[in-house]
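Notes for the structure review
One letter stands for each residue in the lines below.
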Amino acid sequence: MGALVGLLTGIGMGCTSGTSSPFQTEDEPQVSSATYRATGSNASVEATLFGNASRPLAFLAITVENTKQEPIVLDLAQVSLFPEGGIKSLAEATGIQILAPGASFSDTLPIQSIHQARVYQEYGWVGSPTWRYSLPLSFISNATAGVWESSLDLNTIGPKPQVAGVQLYQLAPDKPWLEDQMDHWQGLLIQREGQLKQELEAKGEEVRIPFDAESTPFVHASLPELSCGGINVRLTSYQRGDSLYVGMRMVNHSPFTVSLPLERLACEWNMVSSVPAVVYYPKGLKGSTTGEYLLKKGQRVEATLVYALPTGCEGFVLRLDQVHLQEVNAKAFHDGLAFDRMIPQSADELPL
Amino acid sequence: MSRTRWMIPALTAGLLFGCMPEEDIETEVEPRMNEGEIQHVTEQWHREGVAGANPGVGGHIMMQAFYWDVPAGGTWWNTVKGKISSWNNAGISRIWLPPASKAQNGPFSMGYDPFDYYDFGQYNQMGSTQTRFGSKSELQSLISRATSNNMEVIADIVINHNSGGDLEYNPYTGTNTYTDYNPASGKFFRTASDFHPNAVRNSDEGIFGGFPDLSHSQGYVQDWLWKRSDGVAKYYKNSMGFDGWRFDYVKGFGPWVVREWMNHVGGYGVGELWDGNAGYLKWWVDQTNRTSSAFDFAAYYKMDAAFDGGNLNELNGDMLWKRDPYKTATFVANHDTDIIWNKLMAYAYILTHEGMPTIFYRDYEDWLDKNKLNNLMWIHRNYASGSTSILHVDNDEYIARRNGYGGNPGLVVYFNTSGSWKERWIQTNWSSDQIKDYTGNSGWEPWTQGNRWVKIQCPPNSYTVWSLK
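How each quantity is defined
- Residues numbered from 1 in each chain as written.
- Chains lettered and ligands numbered in written order.
- Predicted model: local features only at pLDDT ≥ 70, side-chain atom pairs only at ≥ 80, totals over all residues.
- Heavy atoms only, no water.
- Helix = DSSP H or I, 4+ residues; strand = E, 2+ residues; numbered from the N terminus.
- Contact = heavy atoms within 4.5 Å.
- Areas by Shrake-Rupley, 256 points an atom, 1.4 Å probe, with all protein chains shown as cover.
- Phe/Tyr/Trp six-rings, centres within 6.5 Å; stacked < 30°, edge-to-face > 60°.
- Pairing = 2+ DSSP bridges.
- Core = buried A, V, L, I, M, F, W, Y, C linked by side-chain atoms within 4.5 Å.
- Buried < 20%, exposed > 50% of the residue type's maximum accessible area, 1.4 Å probe, protein only.
- Disulfide = S-S within 2.5 Å.
- Salt bridge = Lys/Arg side-chain N within 4 Å of Asp/Glu carboxyl O.
- Polar contact = N/O pair within 3.5 Å; in protein donor to acceptor, adjacent residues only side chain to side chain.
- Patch = residues over 30% accessible without salt bridge, like charges linked within 9 Å, V, L, I, M, F, W, Y side chains within 5 Å.
- Lys, Arg positive; Asp, Glu negative; His and termini not counted.
- Charge placed at Lys NZ, Arg CZ, Asp CG, Glu CD.
- Expected span 1.5 Å × (residues − 1).

1. With respect to the overall build of chain B
- Helix and strand content of chain B: 13 helices and 21 strands.
- Long-range pairs, those at least 24 residues apart, make up 65% of the contacts in chain B with a sequence separation of at least 6.
- For chain B, the accessible surface area stands at approximately 15,000 Å², while carbon and sulfur atoms represent 46% of it.

2. Side note on the packing of aromatic side chains
- Enumeration according to the criterion identifies 44 aromatic pairs over all chains in this entry.
- Ring plane angle 55 degrees and centroid distance 4.7 Å describe the contact between Phe218 of chain A and Tyr301 of chain B, whose orientation is recorded as tilted. Residue Phe218 of chain A is found in the loop between helix H3 (175–202) and strand E14 (219–222), and its partner Tyr301 of chain B is found in helix H9 (residues 297–308); the two belong to separate chains.
- With a centroid separation of 4.9 Å and an interplanar angle of 70 degrees, the aromatic rings of Phe297 of chain B and Phe331 of chain B are classed as edge-to-face.

3. Here's the deal with the sheet that holds strand E5 (residues 80–83) of chain A
All names here are of chain A.
- Reading across the sheet, the 4 strands line up as E6-E5-E9-E12 and stay open at both edges, with antiparallel pairing between neighbours. The strands lining the two open edges of the sheet, one partner per strand, are strand E6 (89–90) and strand E12 (151–153).
- Both strand E9 (residues 133–136) and E12 contribute to a ladder of 3 bridges, which runs antiparallel. Within the sheet, the bridge partner assigned to Ser134 lies in E12 and is Asp153.

4. Side note on the nonpolar core
- Within the largest apolar cluster, 122 residues are counted, with the highest numbers of intra-cluster contacts made by Ile95, Phe242 and Trp261 of chain B.
- Apart from the residues lying within four places of it in its own chain, the contact partners of Ile95 of chain B are Met63, Val80, Ile84, Trp87, Leu142, Ala146, Met151, Glu152, Val153 and Ile154 of chain B.
- Trp177, Leu309, Leu318 and Phe333 of chain A belong to the second-largest nonpolar core, a separate cluster that totals 45 residues.

5. Let's talk about the pairing of strand E23 (residues 300–308) of chain A
All names here are of chain A.
- Among the 9 residues of E23, 7 are classified as buried, and the element is accordingly described as predominantly covered.
- Two strands pair when backbone bridges link them, and strand E21 (residues 278–280) and E23 are joined in this way by 3 bridges, in the antiparallel orientation. The residue of E23 that forms the bridge with Tyr280 is Thr304.

6. A look at the state of the cysteines
- One pass over the full model with this rule turns up 0 disulfides over all chains.
- With no disulfide of its own, Cys267 of chain A has Cys313 of chain A as its nearest cysteine by sulfur position, at a separation of 8.2 Å.

7. Focus: the pattern of salt bridges
- Here the structure, examined in full by the defined rule, presents 32 salt bridges over all chains.
- Asp318 of chain B is the salt-bridge partner of Arg323 of chain B, the closest N and O atoms lying 2.7 Å from each other.
- The shortest N-O distance in the salt bridge between Lys343 of chain B and Asp363 of chain B comes to 2.6 Å. Of this pair, Lys343 of chain B sits in helix H11 (residues 343–352) while Asp363 of chain B sits in helix H12 (residues 361–367); the two residues are 20 residues apart in sequence, bridging distant segments of the chain. Judged on exposure class, the residue Lys343 of chain B and its partner Asp363 of chain B are both buried.
- Ionic contacts of the salt-bridge type, sharing partners, join the residues Arg249, Arg300 and Glu302 of chain A together with Asp156, Arg246, Asp248, Glu272 and Asp336 of chain B into one network.

8. Topic: the side chain of Glu168 of chain B
Residue and element names in this part refer to chain B.
- Structurally, Glu168 can be placed in strand E8 (residues 166–170).
- A polar atom in the side chain of Glu168 sits 2.7 Å from the backbone nitrogen of Ala192.
- Once you skip the residues sitting within four places of it in the chain, Glu168 turns out to touch Thr175, Asn176, Thr177, Thr179, Asp180, Thr191 and Ala192.

9. Looking at the sheet that holds strand E25 (residues 324–325) of chain A
Residue and element names in this part refer to chain A.
- Spatially, 4 strands are ordered E22-E18-E25-E26 in an open sheet, and the strand pairing comes out antiparallel. Because the sheet does not close on itself, it has two edges, and the strands there are strand E22 (293–295) and strand E26 (330–331).
- One ladder, built from 2 bridges, connects strand E18 (residues 258–260) with E25; its direction is antiparallel. The residue of E25 that forms the bridge with Ser259 is His324.

10. Focus: a negative patch on the surface
All names here are of chain A.
- A cluster of acidic residues, Asp174, Glu179, Asp180 and Asp183, forms a negative patch at the surface.
- Note that Asp180 resides in helix H3.
- Here Asp180 falls in the partly exposed class, since its relative accessible area comes to 39%.

11. As for helix H13 (residues 370–383) of chain B
Residues and elements named next belong to chain B.
- A rise of 1.5 Å per residue sets the reference length of H13, with its 14 residues, at 20 Å; its end C-alpha atoms lie 20 Å apart and thus fit the reference within 8%.
- Along H13, the residues that are buried comprise Leu373, Asn375, Leu376, Met377, Ile379, His380 and Tyr383.
- Where H13 is buried, its residues meet helix H3 (84–90), H11, strand E14 (356–360), H12, strand E17 (411–416) and strand E21 (462–468).
- Two or three places before Asn371, at the opening of H13, Asp369 has a side-chain oxygen 2.9 Å from that residue's backbone nitrogen.

12. Quick look at the environment of Ser80 of chain A
Residue and element names in this part refer to chain A.
- Here Ser80 is to be found in strand E5.
- What makes Ser80 buried here is its relative accessible area of 4%.
- Along the sequence, Ser80 and Ala91 sit 11 residues apart, while their C-alpha atoms lie 5.5 Å from each other.
- With residues near it in sequence (within four places) discarded, Ser80 still touches Lys88, Ser89, Leu90, Ala91, Ile111, Ser134, Leu135 and Pro136.

13. Brief notes about unusual backbone geometry
- Backbone torsion omega between Leu223 of chain A and Pro224 of chain A reads 0 degrees, so that peptide bond is classified as cis.
- Non-glycine residue Phe188 of chain B carries a positive phi angle of around 60 degrees.
- You can see Phe188 of chain B is positioned in the loop between strand E9 (175–180) and helix H5 (219–227).
- Taking the relative accessible area as the measure of exposure, Phe188 of chain B reaches 1% and is therefore buried.

Quick look at the structure:
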């Protein structure tokens, strides 16, 4: 939630000052929101939002104290944040906590906030550029008063967040690119069909080819995805400062083993070419020591590639033609794929 | 289904009806077939599913009860369990769970890299005891809750490939391969001969890439997947309580594998054949001997072109539901692909048309207006019956009629992607009846004429669904 919390540095609204977070995992500075408090007739709540400027994850530290003489119930599965103008994001927590009179509960819950569905769907941008959040207190209830129908505004007032400088890009394959890709893919299928027939006949095996190499391959592009003969790629891209972030998720449903050189995948602009400075993999997925990620049939991979890119670029080309198909020893895509600077058509499209 | 199942209508005189006054309609158009009408000839919608399920006249609605990267930490089964009751009330009658058994990536895995098909979170292997989603008892509790709510539970079956085996010498390749599987459950040990290549086959319909690609031609593999009483299929059905199957990546092996599986254990089945070619999808369904449905990727891409691309004529294109509606699962997004932005339109389409609609968890729980989806599911349950007649299509208008069945009146759905209100005369199956728009997007409550014609309307960038008041 890069946007999120990068920027929760402002102070105001009667809050206490921010504190540093125990969740620092990268070199980038960890920042936090201020701490906010709400006091009701049955409980008091204290909440702080922590995050890292480059990660789509924040942490909500909450403390709830029972201030009355009867138990209160906390339904942690209902703890959620509402970004201003966005959709709710649930904290990654479940369970029921029952607090006896005078007891308190404290925990720090991971939470991924999505500001606007379309921006998230097309660009993978999850944070709140307006850095204003509402924390409903309806996860707190007791038998007498019922659900606490209030909310805690985790607003900050301060300098305009740096996210305002974000530039979104969108993949822009034109019709000739798609038509050429159809032809390219059909050639690969015909080549593979010939190979298979030869191999299987030589072994005396029944020839059962799962695809019709003569029919038109299925190639479709629609933001932010490209589907080509079973290689399905989701590509999202934005630039912050001089760093270009390219989110890639590939699902291999093709009849080939795909060799994806994630750590060497070139990005070109203005006759300049570079490889990723950093590749972030999801938790639990290790990068390749060789720079080649082999994607078996049926498998998926996802990563965020970070390039150095001067500000003000009108676009760039991602060299998808470096993606290689093992069985036919050929490139999967006939050419690189262009990305254009996104120009919002309406304010609703771009809340940054 | 071959093209002969479609009756391409005789085209009649121009598009005058939409602007004709009522008296003209009554006298002039009665004998005519509506301009551009395509009569979709199908059997009537049938109810399928377990006894006690209550899918409504429109048939089942399935919830895809996960998305990619649901919260890790073993909480997901309980999260889903907590929603069963509300989903049931909304009309969901099937839930599709992610691959439930232990995978190579242990507590981080979404399950698509299967290692031990019998470890649902009760064995400490691959870095954890619980799966990403929770424990075996939590999964069983979820299934029990769903079953008691008359909902079917669909297991995600990944049998193309395995992951996480140990390295061993492979006599078929002459190299070392990761094909030595010693699951803690003690069931379905695998070695090199259970993968391609082996003494039986060099490869299956997917192409061997030097990785653990299960060889379904091996008798041992067949035994453990679907033949043995404690094989994967029967264990999942009889011991775990799953009612059906969503087959992952069926492009990777022959359709006969699914056919065999279904013949041995039955239940509802649907295959993920990721291809926008409706003919290919229908070919695959037929090759399973129609024991399994397929997800309608053709409809998915057509809806994208229609609702996002600004050309509703795309909805006249070829889709699996038009070829074989009983063996079609329609969807708007899933854990792997999400390209349709105008999603409410797309949901209105799949929930009023044939095929079994699938609701994506995030769309229902997080992204879209739940009340509007509930309204569409209510319409599906109550009026989405019978065959389909497409009454009118142009760039920004689409009108179709479900013809009803067994006394159910069916419906008429009207899409308008233009920026202004639209009105159009259409022919219904209702004579001298008052109708209304059940979405509430139009306040009209017109009467159909004796010849069944009526004028309906649709707001800009919206939809209306009409049936008897």
